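Chain and residue survey
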Amino acid sequence: MVRLEELPTLDSVDVSNKKVLLRVDFNSPVRDEELLDDSRIRAHIPTIKELLERGASVVVISHQGRPGEDDFITLEPHARKLSELLGQTVNFVDDVMGPEARRRIKELKPGEVLLLDNVRFLAEENINAPPEVQARTYLVRRLSKLFDLYVNDAFATAHRSQPSVVGFPLALPSVMGRVMEKEVKALSKVFNPKDSPKIFVLGGGKVPDTISIIENLVKNKVADRILTTGLVAEVFLVAKGIDLGEKNMAVLEKKGLLGLIPKARRLLLSGAPIETPIDFRVLDEDGSVKVEPAFSVTGLIRDVGPATVKSYGELMKEAKVIVMRGPAGVMEDPRFREGTRELVKTALESGAFTIFGGGHLTAVIKELGMEDKVGHISTGGGALLSFLAGKDLPALVALEKSKEKFGI
Ligand code: 3PG
């Protein structure tokens, strides 16, 4: 296991007049190439400001979306938002490691910031491999020569073993940024594996990732109960043999989720404590919204129903720790926001220590005006759950290797 308390931070280095490569996670919800939420960008402002005030020149690198998805876009809108939040011009280059990017990096002066374009535009970044392999990628070999220090502030990407996360630490002295440091410290402190019962409420879009994480939570006996919502719940219901009707099966097929059913079935058969909704709020053919029992759904599932919220609420009352990630339905549509809102509210009123991951839930907490009741809001989704499942995060493993190599 990584010795977290021994990992170097910004306090371990002098950054004055140093050229710093800062890995952040600016991956944000997007519609029509515009950012719908800026909380991930805001989160990194203290780290960037501190580096600039301490006399570094800062080159920021991030991903946005995944190839083939609608949110796989340039970081130009992120540069505009970052300029606004920092109160200073952020230079942007629509390139990651080509001649123009390298020229702009070389010319950067202390106190200046440059944002490179979406690092996943490079094929290499989309492959997961061990740090030693990623250190040999062109990205790392080309860019590392131009820097004195690598700072990893991207807690939300810490579960990915990609070159910009795990390759640079083997090529450059490396430390954690303030977001990474704060998340790791807070989570190690607040999440005592011995506190129980621990209830995980899991929904959201990244269904294959969530089901893999559920496997880990079950294998390591971290969760006493897992309350599923959204598409994750639909996969488990089908695995239980429940007919969700043509429309919902077509959605699962279109999203490529039917292949997860055998894995979900194996988890259920192993006796994993996985709960599924008993009713849903659905959209009918005539455009009306109805509540239907899970075992006889005909409309298009858009949210969990009131009976599910009530029964999940009863279970949450028993909890000592509640971890919640991902919305329970299509909450961008106000008609289907209720389930997520009510589950968040119930968790916050339960008296349990609460940990939330992901921008959707943060928006709901703000809307409810219940920020003071929250235990911890994490910038991470998958990274948060992997960390809580007891997995060593590749980003932290790489920072530990960097410490051994460079002695920082
Ligand atoms: C996230 O939103 O969980 C991180 O930005 C990682 O994104 P990914 O799941 O596409 O690797």
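The preceding data block contains the structure.
Residues numbered from 1 in each chain as written. Predicted model: local features only at pLDDT ≥ 70, side-chain atom pairs only at ≥ 80, totals over all residues. Heavy atoms only, no water.

1. Focus: the packing of helix H8 (residues 207-219) against helix H9 (residues 230-239)
- Contact pair H8 / H9: the axes reach a minimum separation of 9 Å and the direction vectors enclose 65 degrees. Relative to H9, the element H8 is oriented roughly perpendicular. By crossing handedness, the relation of H8 to H9 is classed as right-handed. Here Val 207, Thr 210, Ile 211 and Ile 214 of H8 lie close against H9, whose contacting residues are Leu 231, Val 232, Val 235 and Phe 236.
- Among the residues making up the contact of H8 with H9, the classes are represented as 7 nonpolar, 1 polar and no charged. (Axes fitted to C-alpha atoms, helices over the stretch in contact; angles between N-to-C directions. Helix = DSSP H or I, 4+ residues; strand = E, 2+ residues; numbered from the N terminus. Parallel < 35°, antiparallel > 145°, perpendicular 65-115°, else oblique. Left-handed = near helix turned anticlockwise from the far one by under 90°. Contact = heavy atoms within 4.5 Å. Nonpolar A, V, L, I, M, F, W, Y, C, P; charged D, E, K, R; others polar.)

2. Digging into the layout of surface pockets
- The calculated volume of the second largest pocket comes to roughly 320 Å³.
- In terms of lining residues, the second largest pocket is bounded by 18 residues, among which Met 1, Pro 193, Phe 387, Leu 388 and Gly 390 are the most central.
- The set of elements that each furnish at least two residues to the lining of the second largest pocket consists of helix H7 (178-190) and helix H15 (382-388).
- Across the lining of the second largest pocket, the residue classes break down as 12 nonpolar, 3 polar and 3 charged.
- Here the lining of the second largest pocket spans two domains, and each of domain 1 (4-181 + 392-406) and domain 2 (192-374) adds at least three residues to it. (1 Å grid on protein atoms, 1.4 Å probe; cavity = no way out; pocket = protein on both sides within 12 Å on 5 of 7 lines; lining within 4 Å. Points joined across faces, edges and corners; volume = space filled by probe spheres on them. Domains from an automatic or database assignment.)

3. Regarding the environment of Ser 144
- Examined against the element boundaries, Ser 144 turns out to sit in helix H5 (residues 138-144).
- Accessibility expressed as a relative area gives 12% for Ser 144, which makes it buried.
- Taking the C-alpha atoms as reference, Ser 144 lies 19 Å from Arg 160; in sequence the two are 16 residues apart.
- In this structure Ser 144 touches Leu 139, Phe 168, Ala 171 and Leu 172, once residues within four positions along its chain are discounted.
- Within polar-contact distance, the side chain of Ser 144 engages the backbone oxygen of Val 140 at 2.6 Å. (Buried < 20%, exposed > 50% of the residue type's maximum accessible area, 1.4 Å probe, protein only. Polar contact = N/O pair within 3.5 Å; in protein donor to acceptor, adjacent residues only side chain to side chain.)

4. Some thoughts on the side chain of Ser 402
- Along the chain, the position of Ser 402 falls in helix H16 (residues 394-406).
- A polar atom in the side chain of Ser 402 sits 3.2 Å from the backbone oxygen of Leu 172.
- If near-sequence neighbours (up to four positions away) are discounted, Ser 402 is found in contact with Pro 169, Leu 170, Leu 172, Pro 173, Ser 174 and Gly 407.

5. What about the site of the ligand?
- By nearness alone, every residue bordering the ligand is listed as Asp 25, Asn 27, Arg 40, His 63, Arg 66, Arg 120, Ala 156, Arg 160, Lys 206 and Asp 209.
- At a separation of 3.0 Å, an oxygen atom of the ligand approaches a polar side-chain atom of Arg 40.
- At 2.7 Å from an oxygen atom of the ligand is found a side-chain nitrogen or oxygen belonging to Arg 66.
- Considered on its own, the ligand offers 310 Å² of accessible surface; in the complex 94% of this is hidden by protein. (Near = heavy atom within 4 Å. Areas by Shrake-Rupley, 256 points an atom, 1.4 Å probe, with all protein chains shown as cover.)

6. With respect to unusual backbone geometry
- The peptide bond linking Ser 196 to Pro 197 adopts the cis configuration, its omega dihedral lying at 0 degrees.
- One can find Pro 197 in the loop between H7 and strand E9 (198-202).
- With a phi angle near 50 degrees, Asp 32 is a residue other than glycine that sits in the positive phi range.
- For Asp 32, the position within the fold is in the loop between strand E2 (30-31) and strand E3 (34-35).
- Even without being glycine, Lys 221 reaches a positive phi, approximately 50 degrees.
- With respect to the helices and strands, the residue Lys 221 is situated in the loop between H8 and strand E10 (225-228).
- On the basis of relative accessible area, Lys 221 is assigned to the exposed category, the value being 70%.

7. Notes on helix H11 (residues 261-269)
- If you check which residues of H11 are buried, you get Ile 261, Ala 264 and Leu 267. Projected down its long axis, H11 carries its buried residues within an arc of 120 degrees, all on one side. Opposite the packed face of H11, turned more than 90 degrees from it, sit the exposed residues Arg 266 and Leu 269.
- Contacts from the buried residues of H11 go to H8, H9 and strand E11 (274-275). (Arc of directions from axis to C-beta.)

8. Here we look at the pattern of salt bridges
- Applying the stated rule across the entire model yields 30 salt bridges.
- Between Arg 337 and Glu 367 there is a salt bridge, and its shortest N-O distance comes to 2.6 Å. Residue Arg 337 is located in the loop between strand E15 (321-325) and helix H13 (338-349), and its partner Glu 367 is located in helix H14 (residues 359-368); the two are separated by 30 residues in the primary sequence.
- You can call Glu 367 partly exposed: its relative accessible area is 38%.
- For Glu 367, the salt bridge goes to Arg 341, with nearest N and O atoms at 2.8 Å. Placement of the pair is Glu 367 in helix H14 and Arg 341 in helix H13, with a sequence separation of 26 residues.
- Here the salt bridges share partners, and the residues they tie into one network are Asp 11, Glu 50, Arg 54, Arg 178, Glu 181 and Lys 185. (Salt bridge = Lys/Arg side-chain N within 4 Å of Asp/Glu carboxyl O.)

9. Thoughts on the pairing of strand E7 (residues 149-152)
- Covered by surrounding structure in E7 are Leu 149 and Val 151 together with Tyr 150 and Asn 152, the residues of both alternating faces.
- When strand E1 (residues 19-23) meets E7, the two strands line up parallel, connected through 4 bridges. The residue of E7 that forms the bridge with Val 20 is Leu 149.
- Relative to strand E8 (residues 174-176), E7 runs parallel, the two sharing 3 bridges. If you follow Val 151 over to E8, its bridge partner there is Val 175. (Pairing = 2+ DSSP bridges.)

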